[in-house]
Amino acid sequence: MAGEDPISSGMAGRYASALFELALDEKAVDAVKADLEQFDALVTANPDLARLVRSPVFGADEQLKALSAILGKAGIKGIAANFLRVITTNRRLFAARDMIRAYRALVASHKGEVTAQVTVAEKLNDTNLDALKSALKSITGGKDIDLDVKVEPAIIGG
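A brief structural summary. Position numbers for residues start from 1 in each chain and track the written sequence from start to end. Predicted model: local features are reported for residues with pLDDT of at least 70 only, side-chain atom pairs are reported and counted for 80 or more only, and whole-chain, interface and lining totals are derived from all residues. Excluded from the side-chain calculations are hydrogens and water; all other atoms, namely the structure's heavy atoms, are used.

### Describing the packing of helix α2 (residues 29-45) against helix α3 (residues 47-54)
1) Next: Remark: α2 packs on α3, axes separated minimally by 5 Å, with the N-to-C direction vectors making an angle of 110°. In terms of their interaxial angle, α2 and α3 are classed as roughly perpendicular. Where α2 abuts α3, its residues Phe39, Leu42, Val43 and Ala45 lie against Pro47, Leu49, Ala50 and Val53.
2) Next: Any residue that is not Ala, Val, Leu, Ile, Met, Phe, Trp, Tyr, Cys, Pro, Asp, Glu, Lys or Arg is counted as polar, Gly included; the first ten are nonpolar and the last four charged. Of the residues in the contact of α2 with α3, the class split is eight nonpolar, no polar and no charged. Only the stretch in contact is used when fitting a helix axis, every axis being a line fitted to C-alpha atoms; angles between N-to-C directions are given from 0 to 180 degrees. Put simply, DSSP H or I for four residues or longer makes a helix, DSSP E for two residues or longer makes a strand, and each gets a number counted from the N terminus. Note that the term roughly parallel is reserved for angles under 35 degrees, roughly antiparallel for angles over 145, roughly perpendicular for angles of 65 to 115, and oblique for everything else. Every residue pair with non-hydrogen atoms within 4.5 Å of one another is taken to be in contact.

Right under this line is the structure:
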């Protein structure tokens, strides 16, 4: 599919595009992004939740019941919570993280931001984050930078 927008291609991109359009209509783009990022962080931090999201062993009803409890405890509601429930019912929860990544890209594109994926050995402090953003901003011609920072201690060499 040459020439097709890579953000909106594929199943995850189509779901993300539909969510983005809805969030845009409801003027809730940033709120939805924050809720989705919170959910993504929960999945990253909790191996049991990651298994629930990815595993085809769990049925849609089981996933939906567990997901509803998690969303309630995390305070994720509104459009983002409904979206996560819909993809669970449609047996697409396994692709949630790809959908969240595509949604982030759509938001960044809409705002004229550039997303930079950065892998570091240890968590960056605010001073280092600001310096990195500033350096990247000068390279991109003054565009706002949305950093996607991944911490991987294993990259430290010796």
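### Observations regarding the pairing of strand β2 (residues 145-151)
When a strand is regular, its side chains alternate between the sheet's two faces.
1) Next: Between any two strands, at least two bridges found by DSSP are needed for them to pair. Where strand β1 (residues 114-120) meets β2, seven bridges bridge the pair, whose relative direction is parallel. Paired with Thr119 across the two strands is Lys150, which belongs to β2.
2) Next: The path from the first strand over the helix to the second decides the hand: if it runs clockwise while the strands point away from the viewer, the crossover is right-handed. In this fold, β1 hands off to helix α7 (residues 126-139), which returns the chain to β2; that crossover is right-handed.

### So, the nonpolar core
The nonpolar side chains of a soluble globular protein tend to be buried with one another.
1) Next: In terms of nonpolar packing, the biggest core is built from 33 residues, with Val32, Leu36, Phe39, Leu84 and Tyr103 touching the most fellow members.
2) Next: Among the secondary structure elements, those contributing two or more residues to this core are α1 (10-25), α2, α3, α4 (60-74), α5 (78-89) and α6 (96-111).
3) Next: For this core, the leading source of residues is α6, giving seven residues.
4) Next: Nonpolar cores were defined as sets of buried Ala, Val, Leu, Ile, Met, Phe, Trp, Tyr and Cys residues, with membership established by side-chain atoms within 4.5 Å. Here the term buried applies to any residue with accessible area under 20% of the maximum for its type, exposed to any over 50%, and partly exposed to those in between, with areas from a 1.4 Å probe on protein chains only. Counting residues in each nonpolar core, the second largest holds five residues, with Ala116, Val118, Val120 and Leu147 among its members.

### Observations regarding α6
1) Next: Under the 1.5 Å per step criterion, the end-to-end length of α6 is 22 Å for 16 residues, consistent within 8% with the ideal 22 Å.
2) Next: Ala96, Met99, Ile100, Ala102, Tyr103, Arg104, Leu106, Val107 and Ala108 are the residues of α6 that are buried.
3) Next: As for α6, its buried residues are in contact with α1, α2, α5, β1 and β2.
4) Next: After α6 finishes, the residue Gly112 shows a positive phi value of roughly 75°. Helix span, as expected, comes to 1.5 Å for every residue beyond the first.

### Thoughts on the packing of α1 against α2
1) Next: Interhelical geometry of α1 versus α2 gives an angle of 135° and a closest axis separation of 8 Å. As the angle between them shows, α1 and α2 are arranged oblique. Residues Leu19, Phe20, Ala23 and Leu24 of α1 pack against Val29, Val32 and Leu36 of α2.
2) Next: Tallied by class, the residues present in the contact of α1 with α2 amount to seven nonpolar, no polar and no charged.

### Details of α3
1) Next: For α3, every residue scored as buried is listed here: Leu49, Ala50, Leu52 and Val53. With its buried residues spanning 160° around the axis, α3 presents them on a single face. Away from its buried face by more than 90 degrees, α3 exposes Pro47 and Arg54.
2) Next: Turning to α3, the residues buried within the fold contact α2 and α4.
3) Next: Under the rule applied, a polar contact is a pair of N or O atoms within 3.5 Å (in protein, one hydrogen donor and one hydrogen acceptor; residues adjacent in sequence only if both atoms are side-chain atoms). A distance of 2.8 Å separates the backbone nitrogen of Asp48 from a side-chain oxygen at the start of α3, and that oxygen is part of Asn46. Note: the arc covers the axis-to-C-beta directions of the helix.

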